[in-house]
There are 2 protein chains.
Amino acid sequence: MIEPVALNKGTPGEPCPIEAALDVIGTKWTFLIIRDLLIEGTLRFSDLLKGMEGISPKTLSLRLKELEAKGIIGRKVYPEVPPRVEYTLTERGRQLEGIFIELKRFGLTLAEK
Amino acid sequence: MIEPVALNKGTPGEPCPIEAALDVIGTKWTFLIIRDLLIEGTLRFSDLLKGMEGISPKTLSLRLKELEAKGIIGRKVYPEVPPRVEYTLTERGRQLEGIFIELKRFGLTLAEK
DNA sequence: CGGCATCCAATCGGATACTG
DNA sequence: CAGTATCCGATTGGATGCCG
């Protein structure tokens, strides 16, 4: 049985869990970075750059560092020449999959007439 | 049985449904407006204003008009003095509930140690 | 009450150039 | 390749004042 989840802002004095979630992933680029990592599993910096239409290296770098600091993604550097850096979701980051499934579900309803 | 949803960016040449969804609800204030309407059902302008810490009337007004134009919320004006305006989710807007349930679920996992 | 108009500050983010 | 540094334009959004 699926545990029902009632929407609310949290108990009085407590932070709203929906806001807490949005503090972690609540911007456009952050969503798209996580989307790509959920789909591909592991990606290099340049692959992320190519996969997201319109993002600049600077912005991608900033968002990746934020997500790493929040424990959503991991960063692994391979000491090679040329350098290689791979990004993956952490266990916590993979908990975000349900949100993206629902986003896709909703996005598909938009395409219906 | 729940239909499985595979994450992907959509078929080649097609828009990514996740991006389509984010185009509709992808900003901080937009999320919080919909959250409040999902919880409360119907809200007046001033109630939305009070429910969201930090938003200004101008910003709220702009976001509400965007959401109305996208068919997510409905706006009803009562010709009274003083005027009363109520906002509710449309049928399309209520389709967003699954996203918020998953956001809450994730937000609660953040609180766990 | 529920806005809109104006002004302005802060943040976001792209373009370009450079480096280990 | 994987960034960082600088510059600058665009966007967001708060403060204030006015109005039906």
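Since the structure is predicted, the reported quantities are computational estimates derived from the model, not experimental observations. (Residues numbered from 1 in each chain as written. Chains lettered and ligands numbered in written order. Predicted model: local features only at pLDDT ≥ 70, side-chain atom pairs only at ≥ 80, totals over all residues. Heavy atoms only, no water.)

Quick look at the overall build of chain A
The helix and strand inventory of chain A stands at six helices and three strands. Each helix (α) and strand (β) of chain A, taken in turn from the N terminus, gives the series α-α-β-α-α-β-β-α-α. Looking at chain A as a whole, 38% of its 113 residues qualify as buried. Look at the contacts in chain A between residues 6 or more apart in sequence, and 45% of them connect residues 24 or more apart. Total accessible area on chain A stands at roughly 6500 Å², and carbon and sulfur atoms take up 53% of it. (Helix = DSSP H or I, 4+ residues; strand = E, 2+ residues; numbered from the N terminus. Buried < 20%, exposed > 50% of the residue type's maximum accessible area, 1.4 Å probe, protein only. Contact = heavy atoms within 4.5 Å. Areas by Shrake-Rupley, 256 points an atom, 1.4 Å probe, with all protein chains shown as cover.)

Here's the deal with the protein's contact with DNA strand C
Near DNA strand C you find 19 residues, and of these Lys 58 of chain A together with Ser 46, Ser 61, Arg 75 and Tyr 87 of chain B are the closest. Here a phosphate oxygen of DNA strand C and a backbone polar atom of Gly 54 of chain A are 3.2 Å apart. Between a phosphate oxygen of DNA strand C and a side-chain N or O atom of Thr 59 of chain A, the distance comes to 3.1 Å. Of all the elements in the fold, those that place two or more residues in the surface near DNA strand C are helix 4 (57–69) of chain A together with helix 3 (45–51), helix 4 (57–69) and strand 3 (84–89) of chain B. Residue classes in the surface near DNA strand C are distributed as eight nonpolar, five polar and six charged. (Near = heavy atom within 4 Å. Polar contact = N/O pair within 3.5 Å; in protein donor to acceptor, adjacent residues only side chain to side chain. Nonpolar A, V, L, I, M, F, W, Y, C, P; charged D, E, K, R; others polar.)

Remarks on the relation of the copies chain A and chain B
The transformation that overlays chain A on chain B combines an axial shift of 0.0 Å with a rotation of 180 degrees, and the residual RMSD is 0.0 Å. In the structure described here, the two chain copies are related by an operation that fits a two-fold rotation axis. Proximity to the rotation axis, assessed at the C-alpha, singles out Ile 99 of chain A in chain A; its C-alpha lies 2.8 Å from the axis. An overlap of 100% is found between the interface residues of chain A and their copies at the interface of chain B, pointing to a shared contact surface. (Least-squares fit on C-alpha atoms with pLDDT ≥ 70 in both.)

Here's the deal with the packing of aromatic side chains
Per the counting criterion, the structure on display carries three aromatic pairs over all chains. Here Phe 31 of chain A and Phe 31 of chain B contribute two aromatic rings whose centre-to-centre distance is 6.1 Å and whose plane-to-plane angle is 15 degrees, an arrangement assigned as stacked. Taken together, the residues Phe 31 of chain A in helix 2 (residues 28–40) and Phe 31 of chain B in helix 2 (residues 28–40) connect one chain to another. The buried category is assigned to Phe 31 of chain A, whose relative accessible area is 1%. Cluster of aromatic residues (ring-pair linked, three or more members): Phe 31 and Phe 100 of chain A together with Phe 31 and Phe 100 of chain B. Of note, Arg 84 of chain A hangs over the ring of Tyr 78 of chain A, and the distance from its end group to the ring centre comes to 4.1 Å. One cation-aromatic arrangement involves Lys 28 of chain B over Trp 29 of chain B; the distance from NZ or CZ to the ring centre is 4.6 Å. (Phe/Tyr/Trp six-rings, centres within 6.5 Å; stacked < 30°, edge-to-face > 60°. Lys NZ or Arg CZ within 6 Å of the ring centre and 35° of its normal.)

Observations concerning the protein's contact with DNA strand D
Around DNA strand D, the structure places 20 residues, and the nearest of them are Ser 46, Ser 61, Arg 75 and Tyr 87 of chain A together with Lys 58 of chain B. Taken together, the sugar and phosphate atoms account for 69% of what DNA strand D places within 4 Å of the protein. Between DNA strand D and Pro 83 of chain A there is a distance of 3.2 Å, counted from a sugar or linking oxygen to a backbone nitrogen or oxygen. Val 85 of chain A is positioned such that a nitrogen or oxygen atom in its backbone is 3.3 Å from a phosphate oxygen of DNA strand D. Within the residue set of the surface near DNA strand D, elements represented by two or more residues are helix 3 (45–51), helix 4 and strand 3 (84–89) of chain A together with helix 4 of chain B. A breakdown of the residues in the surface near DNA strand D according to their chemical character gives eight nonpolar, five polar and seven charged.

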